Amino acid sequence: MEFYELIDKITNAIPPGYENIRSVFETLLPWFFCLFTAATCLFGHAVHKIWNAFLFFCIGFFLPMLIIQGLFAPTGAVFWICAALSAVLGGICAYFSKKIYKAYLFISTFFLVFISVPSYLSFLGDSGSVAAGFVLAVAAAILSTKYKYITVIVTTAFSGSFMLFNIVENKLSIPHTAATALAVLFAFVGMATQCFVER
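Residues numbered from 1 in each chain as written. Predicted model: local features only at pLDDT ≥ 70, side-chain atom pairs only at ≥ 80, totals over all residues. Heavy atoms only, no water.

1. A few points about the overall build of the protein
What the protein contains, in helices and strands, is 7 helices and 0 strands. Seen in sequence order, the protein has helices and strands lined up from the N terminus as α-α-α-α-α-α-α. At 17 Å, the protein has a C-alpha radius of gyration in line with the 16 Å of a compact globule built from 199 residues. The principal-axis extents of the C-alpha atoms in the protein amount to approximately 50 × 40 × 30 Å. A total of 199 residues make up the protein; the buried ones form 42% of that total. (Helix = DSSP H or I, 4+ residues; strand = E, 2+ residues; numbered from the N terminus. Rg over C-alpha atoms; globule rule 2.2 N^0.38 Å. Buried < 20%, exposed > 50% of the residue type's maximum accessible area, 1.4 Å probe, protein only.)

2. As for the packing of helix H2 (residues 19-71) against helix H3 (residues 76-97)
Remark: H2 packs on H3, axes separated minimally by 8 Å, with the N-to-C direction vectors making an angle of 140°. In terms of orientation, H2 and H3 fall into the oblique class. Where H2 crosses over H3, the handedness of that crossing is right-handed. Note on element contacts: H3 touches H2 through Phe-79, Trp-80, Cys-82, Ala-83, Ser-86, Ala-87, Leu-89, Gly-90, Gly-91, Cys-93, Ala-94 and Ser-97, opposite Ile-21, Asn-52, Ala-53, Phe-56, Phe-57, Gly-60, Phe-61, Pro-64, Met-65, Ile-68 and Gln-69. For the contact of H2 with H3, the per-class residue count stands at 16 nonpolar, 7 polar and no charged. (Axes fitted to C-alpha atoms, helices over the stretch in contact; angles between N-to-C directions. Parallel < 35°, antiparallel > 145°, perpendicular 65-115°, else oblique. Left-handed = near helix turned anticlockwise from the far one by under 90°. Contact = heavy atoms within 4.5 Å. Nonpolar A, V, L, I, M, F, W, Y, C, P; charged D, E, K, R; others polar.)

3. Focus: the confidence of the model for the protein
Any region with low pLDDT has predicted coordinates that should not be read closely. Of all residues in the protein, 91% have pLDDT values of 70 or greater, and the mean over the chain is 81. Highest mean pLDDT in the protein belongs to helix H7 (residues 176-197) (89); lowest belongs to helix H1 (residues 3-12) (65). (pLDDT = per-residue confidence, 0-100.)

4. Points about H3
Under the 1.5 Å per step criterion, the end-to-end length of H3 is 31 Å for 22 residues, consistent within 8% with the ideal 32 Å. Turning to H3, its buried residues number three or more, namely Phe-79, Cys-82, Ala-83, Ser-86, Gly-90, Ala-94 and Ser-97. The arc that holds the buried residues of H3, viewed along the axis, is 115°, so those residues lie on one side. Summarising the geometry of H3, the exposed residues directed more than 90 degrees from the buried face are Ala-77, Ile-81, Leu-85 and Val-88. (Expected span 1.5 Å × (residues − 1). Arc of directions from axis to C-beta.)

5. What about unusual backbone geometry?
Peptide bonds are, in most cases, trans, and in most cases residues other than glycine have a negative phi. The phi angle at Ser-173 is positive, at roughly 55°, despite the residue not being glycine. Within the secondary structure layout, Ser-173 lies in the loop between helix H6 (148-172) and H7. Ser-173 gets classed as exposed once you look at its relative accessible area, which sits at 62%.

6. Quick notes on the layout of surface pockets
Taken as a whole, the second largest pocket spans an internal volume of roughly 190 Å³. Val-113, Ser-116, Val-117, Leu-121, Leu-136, Ala-139, Ala-140, Val-154, Thr-155, Phe-158, Ser-159 and Phe-162 are the residues that line the second largest pocket. Contributing elements (two or more residues each) for the lining of the second largest pocket: helix H4 (101-116), helix H5 (126-146) and H6. For the lining of the second largest pocket, the leading source of residues is H6, giving 5 residues. Split by residue class, the lining of the second largest pocket holds 9 nonpolar, 3 polar and no charged. (1 Å grid on protein atoms, 1.4 Å probe; cavity = no way out; pocket = protein on both sides within 12 Å on 5 of 7 lines; lining within 4 Å. Points joined across faces, edges and corners; volume = space filled by probe spheres on them.)

7. Things to note about H5
Between its terminal C-alpha atoms H5 stretches 31 Å, which fits the 30 Å expected from 21 residues at 1.5 Å a residue. Within H5 the residues assigned to the buried category are Ser-129, Gly-133, Ala-137, Ala-140, Ala-141 and Ser-144. Down the axis of H5, the smallest arc covering the buried residues is 100°, so these residues share one side. Turned more than 90 degrees away from the buried face of H5 sit Ser-127, Val-135 and Lys-146, all of them exposed.

Here you go:
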C-alpha cells in the first residue's frame with residue numbers, strides 16, 4: 001500500500017452524509033502529512049515518540065471502527081458515539097504504548113518502513129514490492145530494538161522522505177523517477193540533519 005492510499009482510506013472511512021467533513025479532510029490531510037513527514041525525515045529521532053503514539057492511536061481507533069462498520073454499519077448519532085469510544089480507546093493505546101518500549105519501537109519502525117518503501121519498489125511488481133517491503137520492514141524493526149540510535153535515524157530519514165515525496169508525486173503529478181531521486185536525496189539531507197541535531 002502506498003502512503004497516499006492510506007490517506008485515502010482515512011478519508012473514505014467517513015460515512016456518506018458528511019461530505020463537508022470529507023472535503024476538509026481531502027484538502028488538508030495530505031498537506032498536514034507533508035509537514036509531519038518532512039519533520040520525521042529531518043528530526044525523526046526526536047519525533048519518533050510522536051509517530052509511535054500516532055500509530056498506536058490509529059490501531060486503537062481504526063481497528064474497532066472497522067469491525068463496527070463491518071458488522072453493524074452505524075449511521076448518524078450512533079456512528080459518532082462509536083467514533084468517540086474508539087477515539088478514547090485509541091488515546092489509551094497511545095498512552096500505554098510508551099510503557100512497552102521495545103514493542104513500540106519494533107511496531108512503529110515496522111509500520112514506518114512498510115507504508116513508505118513498497119511504492120518505490122514498483123519495478124518488482126505489486127506482490128514483489130509488498131513482499132520486499134515486508135522483509136525490509138521486519139529487518140529494520142529487529143535492528144531498531146538492538147541499535148536504536150542509528151536505526152531510528154536511518155529509518156525515519158528514509159521513511160519520512162519517501163512518504164513525503166509519495167504525497168508530492170500524487171498531488172503535483174511529478175514523474176515517479178524524479179520523485180524517487182528527490183526522496184533519496186532528501187533522505188540523506190534528513191540523516192545529516194538528525195546526526196547534527198542529535199550529536
